[in-house]
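Below, each chain spelled out in residue letters.
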Amino acid sequence: MAHFALIKETIVVAVIIVDNNTITDNGVEVEQLGIDLIDSLNIKGIYDYDTVRQTSYNSNFRNKYASIGDTWDEVKNGFISPRPFVSWTLNNFIWEAPIAKSNVGHYTWNESTLQWVSISF
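Within each chain, residue numbers correspond to sequence positions counted from 1 in written order. Where local features are concerned, this predicted model is filtered to residues with pLDDT of at least 70; where side-chain atom pairs are given and counted, the filter is 80 or more; whole-chain, interface and lining totals use all residues. Think of the side-chain values as coming from all heavy atoms in the structure, minus any hydrogens and water.

Topic: the packing of aromatic side chains
Turning to step 1, where the next piece is worked out: Two aromatic rings from Phe, Tyr or Trp, using only the six-membered ring of Trp, form a pair when their centres are within 6.5 Å; if the ring planes differ by under 30 degrees the pair is stacked, by over 60 it is edge-to-face, and anything between is tilted. Under the defined criterion, the tally for this structure stands at six aromatic pairs.
Turning to step 2, where the next piece is worked out: Note on Trp 88 and Trp 109: the rings are 5.9 Å apart at their centroids and 80° apart in plane angle, and the pair reads as edge-to-face. Linking Trp 88 in the loop between β7 (78-80) and β8 (89-91) with Trp 109 in strand β10 (residues 106-110), this pair joins segments that are 21 residues apart in sequence.
Turning to step 3, where the next piece is worked out: Relative accessible area serves as the criterion here: at 11%, Trp 88 is assigned to the buried category.
Turning to step 4, where the next piece is worked out: Residue exposure (1.4 Å probe, protein chains only): buried if accessible area is under 20% of the type maximum, exposed if over 50%, otherwise partly exposed. With relative accessibility at 8%, the residue Trp 109 sits in the buried group.
Turning to step 5, where the next piece is worked out: One aromatic cluster is present, formed by Phe 85, Trp 88, Trp 109 and Trp 116 through successive ring pairs.
Turning to step 6, where the next piece is worked out: Only lysine NZ and arginine CZ atoms are considered, and such an atom sits over a ring when it is within 6 Å of the ring centre and within 35 degrees of the ring normal. Of note, Lys 76 hangs over the ring of Phe 93, and the distance from its end group to the ring centre comes to 5.9 Å. Think of it this way: any DSSP run of H or I at least four residues long counts as a helix, any run of E at least two long counts as a strand, and we number them from the N terminus.

Observations regarding the pattern of salt bridges
Turning to step 1, where the next piece is worked out: Whenever Lys or Arg places a side-chain nitrogen within 4 Å of a carboxyl oxygen from Asp or Glu, that contact is recorded as a salt bridge. Taken as a whole and judged by the stated rule, the model has four salt bridges.
Turning to step 2, where the next piece is worked out: A salt bridge links Lys 8 to Asp 48, with the shortest nitrogen-to-oxygen separation between them at 3.5 Å. Here the residue Lys 8 occupies a position in strand β1 (residues 2-8), and Asp 48 occupies one in the loop between α1 (31-40) and β5 (51-55), the gap between them amounting to 40 residues.
Turning to step 3, where the next piece is worked out: Here Arg 62 makes a salt bridge to Glu 31, at a shortest N to O gap of 2.7 Å. Here the residue Arg 62 occupies a position in the loop between β5 and β6 (71-73), and Glu 31 occupies one in helix α1, the gap between them amounting to 31 residues.
Turning to step 4, where the next piece is worked out: Owing to a relative accessible area of 14%, Arg 62 belongs among the buried residues under this scheme.

What about the nonpolar core?
Turning to step 1, where the next piece is worked out: In this description, a nonpolar core means a group of buried Ala, Val, Leu, Ile, Met, Phe, Trp, Tyr and Cys residues linked to one another through side-chain atoms lying within 4.5 Å. Among the nonpolar cores identified, the biggest contains twelve residues, and these are Ala 2, Phe 4, Leu 6, Ala 14, Ile 16, Val 18, Ile 23, Ile 35, Ile 38, Ile 43, Tyr 49 and Val 52.
Turning to step 2, where the next piece is worked out: Among the elements of the structure, β1, β2 (11-18) and α1 are those that each provide at least two residues to this core.
Turning to step 3, where the next piece is worked out: When near neighbours in sequence (up to four residues on either side) are disregarded, Ala 14 contacts Phe 4, Ala 5, Leu 6, Tyr 47 and Ile 68.
Turning to step 4, where the next piece is worked out: By size, the runner-up hydrophobic cluster in this structure holds six residues, among which are Val 12, Ala 66, Trp 72 and Phe 79. For this analysis, residues touch if any pair of their heavy atoms sits within 4.5 Å.

Structure representation (structure tokens):
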């Protein structure tokens, strides 16, 4: 199955699944065939979107599998997860805290103190 993200401006609003046979030409997947198929379904009344991009369920391309709320970056040709905290910065598709987390133990981020806080189970 092939997966396509429906995007409004830069935000993913839905992910549609289509049969691989509908997007192959001589055994090769062609993204534009999927885009054309989805546009022919006249579903803009259901999903308000202006762009369609193929996404990889196995994250083999475009950084990650697109999820509702993700951002599409046309320049980087990839999907970006929502920013988890205001203080975090994006580095090559990965949101990073202002300070590194220890590799030992379990931690949660405290945005008000800008620190990793140890948690126990």
